[in-house]
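Each chain, letter by letter, is given below.
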Amino acid sequence: MRGGLALLALLAGCAAAPGAGEDKVVYHLSEGLAQASNGLRNIGNHLEVNPKAHIVVVSHARGVDFMMKDARDANGNRYEDLVEQLRVRGVRFEVCEITLRNRKLSKDQFIAETTYVPSGVAEVTRLQQREGYAYLKP
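Below you will find a few notes about this structure.

Scoring rules and cut-offs
Residues numbered from 1 in each chain as written. Predicted model: local features only at pLDDT ≥ 70, side-chain atom pairs only at ≥ 80, totals over all residues. Heavy atoms only, no water. Helix = DSSP H or I, 4+ residues; strand = E, 2+ residues; numbered from the N terminus. Expected span 1.5 Å × (residues − 1). Buried < 20%, exposed > 50% of the residue type's maximum accessible area, 1.4 Å probe, protein only. Contact = heavy atoms within 4.5 Å. Pairing = 2+ DSSP bridges. Right-handed = clockwise from strand over helix to strand, strands pointing away. Phe/Tyr/Trp six-rings, centres within 6.5 Å; stacked < 30°, edge-to-face > 60°. Salt bridge = Lys/Arg side-chain N within 4 Å of Asp/Glu carboxyl O. Core = buried A, V, L, I, M, F, W, Y, C linked by side-chain atoms within 4.5 Å. Axes fitted to C-alpha atoms, helices over the stretch in contact; angles between N-to-C directions.

The subject of this paragraph is helix α2 (residues 33-49). The end-to-end C-alpha distance of α2, which contains 17 residues, comes to 25 Å, matching closely the 24 Å that a straight helix rising 1.5 Å per residue would cover. Those residues of α2 lying buried are Gln35, Ala36, Gly39, Leu40, Ile43, Gly44, His46 and Leu47. Contacts from the buried residues of α2 go to β1 (24-29), β2 (54-59), α3 (79-87) and β3 (92-96).

So this is what it looks like as structure tokens:
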């Protein structure tokens, strides 16, 4: 009987999950354009099933490259267009200022939708530990 109740509780939880609340997710990008393409596609899929999800993309190292002006994916699509489509759906895009300093990049090289954080890895940690965001790295 006890196993049956546990199974029933598990099934009830699964049935309630889609409308149970809003997801809070941080997508961590640090590996370049291929990872960014995967991440942006994942975010689009995420928003398709949960349009109220709170999503923050934190990028550092080579992960910032997709946020640069004129960056394009393997098919020639401008990342700026993809980012804008997600931004109007509430996705926030953050770039690490330490990366800018270490790579000698300037803020004027980045698209308008960019926001900046002092440290990408510190921001990922803050969102997870203090704000309760789930962590995804595509």
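Okay, unusual backbone geometry next. With phi around 55 degrees, Ala61 is a residue other than glycine that occupies positive phi space. With respect to the element layout, Ala61 can be found in the loop between β2 and α3. Relative accessible area serves as the criterion here: at 31%, Ala61 is assigned to the partly exposed category. The backbone of Lys104 shows a phi angle near 55 degrees, a positive value even though the residue is not glycine.

The subject of this paragraph is the pairing of β1. Side chains on a regular strand alternate between the two faces of the sheet. The buried fraction of β1 is high, at five of six residues. The sheet contact formed by β1 and β2 spans six bridges and is parallel. Across the sheet, the residue bridging to Tyr27 is Val57, located in β2. Between the parallel pair β1 and β2, the chain is carried across by α2, and the sense of this crossover is right-handed. As judged from the three bridges shared by β1 and strand β5 (residues 134-136), these two strands associate in the parallel manner. Residue pairing for β5: Val25 is matched across the bridge by Ala134.

Turning next to the packing of aromatic side chains. One pass over the full model with this rule turns up three aromatic pairs. Relative to Tyr79, the ring of Phe66 lies with its centre 6.0 Å away and its plane at 70 degrees, an arrangement referred to as edge-to-face. Here Phe66 is found in the loop between β2 and α3, whereas its partner Tyr79 is found in helix α3, with 13 residues between them in sequence. Tyr79 gets classed as buried once you look at its relative accessible area, which sits at 1%. One aromatic cluster is present, built from ring pairs that chain together Phe66, Tyr79 and Phe93.

This next bit is on the pattern of salt bridges. Counting across every chain of the model gives ten salt bridges. Here Asp65 and Arg103 are joined by a salt bridge, their closest N and O atoms 2.7 Å apart. Highlighted residues: Asp65 in the loop between β2 and α3 and Arg103 in helix α4 (residues 97-103), separated in sequence by 38 residues.

Before going further, it helps to spend a moment on the nonpolar core. Judged by nonpolar contacts, the single largest core of 25 residues is most densely connected at Ile43, Val57, Phe66, Met67, Val91, Phe93 and Phe110. When residues of this core are traced back to their parent elements, those giving at least two are β1, α2, β2, α3 and β3. The element that contributes the greatest number of residues to this core is α2, accounting for four residues. Apart from the residues lying within four places of it in its own chain, the contact partners of Phe110 are Val64, Met67, Met68, Lys69, Val95, Leu100, Leu105 and Tyr116.

Looking now at the sheet that holds β2. Taken in spatial order, the five strands of this open sheet run β4-β3-β2-β1-β5, and their pairing is parallel. The open sheet has two edge strands with one neighbour each: β4 (114-117) and β5. Taken pair by pair, the neighbouring strands of this sheet meet at an average axis angle of 30 degrees, ignoring direction. Here four bridges tie β3 to β4, and the two strands are oriented parallel to one another. Counted as the bridge partner of Phe93 is Thr114 from β4.

Structural measurements only, silent on function.
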